[in-house]
Amino acid sequence: MIRLLDRYLIITVVASALVALVVIMSLDLVFSFVDEGGDIGTADYGPLSALAYVLLSSPSRAYEAFPFATLIGALMGLGALAARNELTVMRAAGVSVLQIARAVAAGGLVLALIAMAMGEWVVPPAERAATELRASAMARDVGISGAGGLWARDGGQFIEVRRARSPAHLEGLTIYHFEEHDGEPMTLRRVLSGSEALFRDGRWILREPGEVHLHADGISVADLGDEKVWESALSPAVLDVVVVDPESLSMADLRTYIGYLEANELDSGEWRLAFWVKVATPISTLAMLLLTIPLVFGAVRSTGAGQRIFIGVLIGVAFFLVNRMLNHAGVVFGLPPSASALLPAFAFLAAGILGILKVR
């Protein structure tokens, strides 16, 4: 009987949370499409392109909304059981609050795994596709080549970038210079390459540059030293359209880049924070779910569904504000990214556990 009740509660919790997520994302899609209205008409960015962009970027927003949707959905699901007196019957049959909480926590683990899978395997490719679509429509001379790379054109220069770490930090560049003489077809004249390019003081600095000149009678290699100023109209403002935020990368990609930054003694704070936020999201999902137990069985059990959902919204908003505040405070005051990302999740998780223990 206990196993049957566990399965019933797990299915109720998971299904209610997913329904709540669908409802929230449906509203979010409408508002996001309206928000894109200001850019519609720019270059080739029309209504269909805007709609496709909003749909492709929706997994990223769904991932961010997962803990909140879990809280609201679980309140709806467990509240419905309470309204039908099913929870009362379970208690009368000898099922303790802790046993019910255990089943709810099992449902929370299922939801946490779904959130983790979304963050690792759904959000990164969807966000990359959304960014590529928007870039191809709004910036005709810039295109994404996959795995974080891109192609761009600047007059007679065709630029291949292996990975765009940020709008001001490009890695693995190859720049092809084409020239046209006397109406002849454009001909490749020289190839400039570099391990990375950093945008500083209004110009690009190419590191470990190498240059090959192509002549009618052969090729020559130029010695450029350790750094070279690269003149290009390609700016971080343009690249900002095609570079994916750290929050949209998988934990594996974030770990790789953090290792690269630390090996080169560069600041990795923003990327480490994004990594720990990824770790915190499944924990936050479980915390939000456990908070529903004292809300359903505690002092507000006699209230209506609307009041319970209102209280859940307040808790969700409080979590969002505390989480954002600590994340920003960590960046400003130099707090460890792991602490600023995990502290809100563990604080609300502890509050949920304490609330369950106080319910009789």
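A brief report on the enclosed structure follows. (Residues numbered from 1 in each chain as written. Predicted model: local features only at pLDDT ≥ 70, side-chain atom pairs only at ≥ 80, totals over all residues. Heavy atoms only, no water.)

Right, let's talk about the overall build of the protein for a bit. Looking only at helices and strands, the protein features 10 helices and nine strands. Against the 2.2 N^0.38 benchmark of 21 Å for 360 residues, the protein shows a C-alpha radius of gyration of 26 Å, more extended than a compact globule. Expressed as a percentage of the 360 residues in the protein, the buried residues total 44%. Excluding contacts between residues fewer than 6 apart, the proportion of contacts in the protein whose partners are at least 24 apart in sequence is 61%. (Helix = DSSP H or I, 4+ residues; strand = E, 2+ residues; numbered from the N terminus. Rg over C-alpha atoms; globule rule 2.2 N^0.38 Å. Buried < 20%, exposed > 50% of the residue type's maximum accessible area, 1.4 Å probe, protein only. Contact = heavy atoms within 4.5 Å.)

Before going further, it helps to examine the packing of helix α7 (residues 269-290) against helix α10 (residues 337-358). In contact at an axis separation of 7 Å, α7 and α10 are set at 10° when each is read in the N-to-C sense. It follows from the interaxial angle that α7 and α10 lie roughly parallel. Residue classes in the contact of α7 with α10 are distributed as 19 nonpolar, five polar and one charged. (Axes fitted to C-alpha atoms, helices over the stretch in contact; angles between N-to-C directions. Parallel < 35°, antiparallel > 145°, perpendicular 65-115°, else oblique. Nonpolar A, V, L, I, M, F, W, Y, C, P; charged D, E, K, R; others polar.)

On to the packing of aromatic side chains. Two numbers describe a pair of aromatic rings. These are the distance of the centres and the angle of the planes. Taken as a whole and judged by the stated rule, the model has six aromatic pairs. Judged by centre distance (5.4 Å) and plane angle (85°), the rings of F158 and F178 are edge-to-face. Of the two residues, F158 is situated in strand β3 (residues 157-166) and F178 in strand β4 (residues 169-179); the sequence distance between them amounts to 20 residues. For F178, a relative accessible area of 28% translates into the label partly exposed. Between W204 and W230, the ring centres sit 5.9 Å apart and the planes meet at 45°, which makes this aromatic pair tilted. Note that W204 is positioned in strand β6 (residues 203-207) and W230 in strand β9 (residues 227-230), a separation of 26 residues in sequence. Each member of the pair, W204 together with W230, is buried. One aromatic cluster is present, built from ring pairs that chain together F199, W204 and W230. (Phe/Tyr/Trp six-rings, centres within 6.5 Å; stacked < 30°, edge-to-face > 60°.)

With that settled, consider the pattern of salt bridges. Here the structure, examined in full by the defined rule, presents eight salt bridges. Across the pair D28 and R61 runs a salt bridge, and its minimum N-O distance is 2.3 Å. Linking D28 in helix α1 (residues 2-35) with R61 in helix α2 (residues 47-83), this pair joins segments that are 33 residues apart in sequence. A salt bridge links E86 to R84; its shortest N-O distance comes to 2.6 Å. Accessibility expressed as a relative area gives 21% for E86, which makes it partly exposed. Among the charged side chains, a salt-bridge network with shared partners connects E196, R207 and E227. (Salt bridge = Lys/Arg side-chain N within 4 Å of Asp/Glu carboxyl O.)

L78, I100, I293 and F297 are the most contacted members of the largest nonpolar core, which has 44 residues in total. For this core, the elements supplying multiple residues, two or more each, are α1, α2, α3 (86-92), α4 (97-138), α7, α8 (292-297), α9 (305-333) and α10. In contact with L78, other than residues within four places in its own chain, are L9, V13, L87, V104, T292, I293 and V296. In this structure, A152, L173, L192 and L234 belong to the second largest nonpolar core, which totals 15 residues. (Core = buried A, V, L, I, M, F, W, Y, C linked by side-chain atoms within 4.5 Å.)

As a further point, take a negative patch on the surface. Where like charges cluster on the molecular surface, the negative patch consists of E64, D245, E247, D267 and E270. By secondary structure assignment, the location of D267 is in the loop between α6 (251-263) and α7. Judged by its relative accessible area of 69%, D267 is exposed. (Patch = residues over 30% accessible without salt bridge, like charges linked within 9 Å, V, L, I, M, F, W, Y side chains within 5 Å. Areas by Shrake-Rupley, 256 points an atom, 1.4 Å probe, with all protein chains shown as cover. Lys, Arg positive; Asp, Glu negative; His and termini not counted. Charge placed at Lys NZ, Arg CZ, Asp CG, Glu CD.)

Here we come to the packing of α2 against α7. Contact pair α2 / α7: the axes reach a minimum separation of 8 Å and the direction vectors enclose 10°. Judged on the interaxial angle alone, α7 and α2 are roughly parallel. Contact residues: α2 offers Y63, F66, P67, T70, L71 and A74, while α7 offers K278, T281, S284, T285, M288 and L289. Residues that form the contact of α2 with α7 fall into these classes: seven nonpolar, four polar and one charged.

This part is about the pairing of strand β7 (residues 210-215). In this structure, strand β5 (residues 187-200) lies alongside β7, joined through four bridges in antiparallel fashion. If you follow L192 over to β7, its bridge partner there is E211. Two strands pair when backbone bridges link them, and β7 and strand β8 (residues 218-222) are joined in this way by five bridges, in the antiparallel orientation. By the bridge assignment for β8, H213 is matched with S220. (Pairing = 2+ DSSP bridges.)

On to a nonpolar patch on the surface. A surface patch of nonpolar side chains, about 410 Å² in accessible area, is lined by V19, V23, L27 and F31. Checked against the element boundaries, F31 lands in helix α1. Under the relative-accessibility criterion, F31 is labelled exposed at 60%.

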